[in-house]
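A look at the structure
As a plain string of letters, each chain reads:
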Amino acid sequence: YRILRTIAMGGMGEVYLAALKREGGFEKQVALKCVLPRLMADPRFLELFEREARLAAVLTHRNIVPVFDFGRDQGRAWLAMEFVHGVDVKAVYDHLEGPLPIGLALDVAIACARTLDYAHRARDARGRPLNIIHRDVSPQNILLSFEGDVKLADFGLAQATARESQEEGTLKGKFAYMSPEQAEGRAVDG
């Protein structure tokens, strides 16, 4: 991957626009999400990051940002995902300085509801329910492409309850967008 420019920087990672180049002149732009160097020493964080890659690899839906690749290189963990040429809902909201137009708000809500329903019903290769709960559906994680697509990103805080125990009492996500049971630190479900 060749990094072209920075897309976003946060407390846990950086996202870059990168070019995936292969033989025969093949080139594809991707979003490359990299773990910050200071977090590479935290095995719990790396497990969460790797879980995001595994979950995203299982999920195939038109409104989910797909992950194409995952790895570690030069002391950094990364995942390569679809580059959605567009903006997030928070940027649109900030630009409008008020509520979204009703048609756009309904399109976004319907796409998110379909996506979450799909994730809640997702099964592994053996047909066992994954019971995936996103836990961070917020305007920053809802992307709008300039072509009119709505994509839900960042399954990093998603919880596959079939594979791990509920972490009751632990808050993960943005408080303003949590369900009541999530905000109270109780178990969450679809």
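How each quantity is defined
- Residues numbered from 1 in each chain as written.
- Predicted model: local features only at pLDDT ≥ 70, side-chain atom pairs only at ≥ 80, totals over all residues.
- Heavy atoms only, no water.
- Helix = DSSP H or I, 4+ residues; strand = E, 2+ residues; numbered from the N terminus.
- Buried < 20%, exposed > 50% of the residue type's maximum accessible area, 1.4 Å probe, protein only.
- Contact = heavy atoms within 4.5 Å.
- Salt bridge = Lys/Arg side-chain N within 4 Å of Asp/Glu carboxyl O.

Let us look at the environment of valine 150. Among the secondary structure elements, valine 150 is positioned in strand 9 (residues 150-152). Overall, the relative accessible area of 10% leaves valine 150 in the buried class. As a C-alpha pair, valine 150 and alanine 109 span 41 residues in sequence and 9.5 Å in three-dimensional space. If we ignore the near neighbours within four places in the chain, the residues touching valine 150 are Arg62, Asn63, Asp107, Val108, Ala111, Ile142, Leu143 and Leu144.

What follows concerns the pattern of salt bridges. Summed over the entire model, instances satisfying the criterion amount to 10 salt bridges. Arginine 72 serves as the salt-bridge partner of glutamate 50, at 2.2 Å between the closest nitrogen and oxygen. Of this pair, glutamate 50 sits in helix 1 (residues 43-58) while arginine 72 is found in strand 4 (residues 67-73), placing the two residues 22 residues apart along the sequence. Note that arginine 121 and aspartate 117 form a salt bridge whose closest N and O atoms lie 2.9 Å from each other. Placement of both arginine 121 and aspartate 117 in helix 3 (residues 102-121) is noted, with a separation of 4 residues, approximately one turn of the helix.

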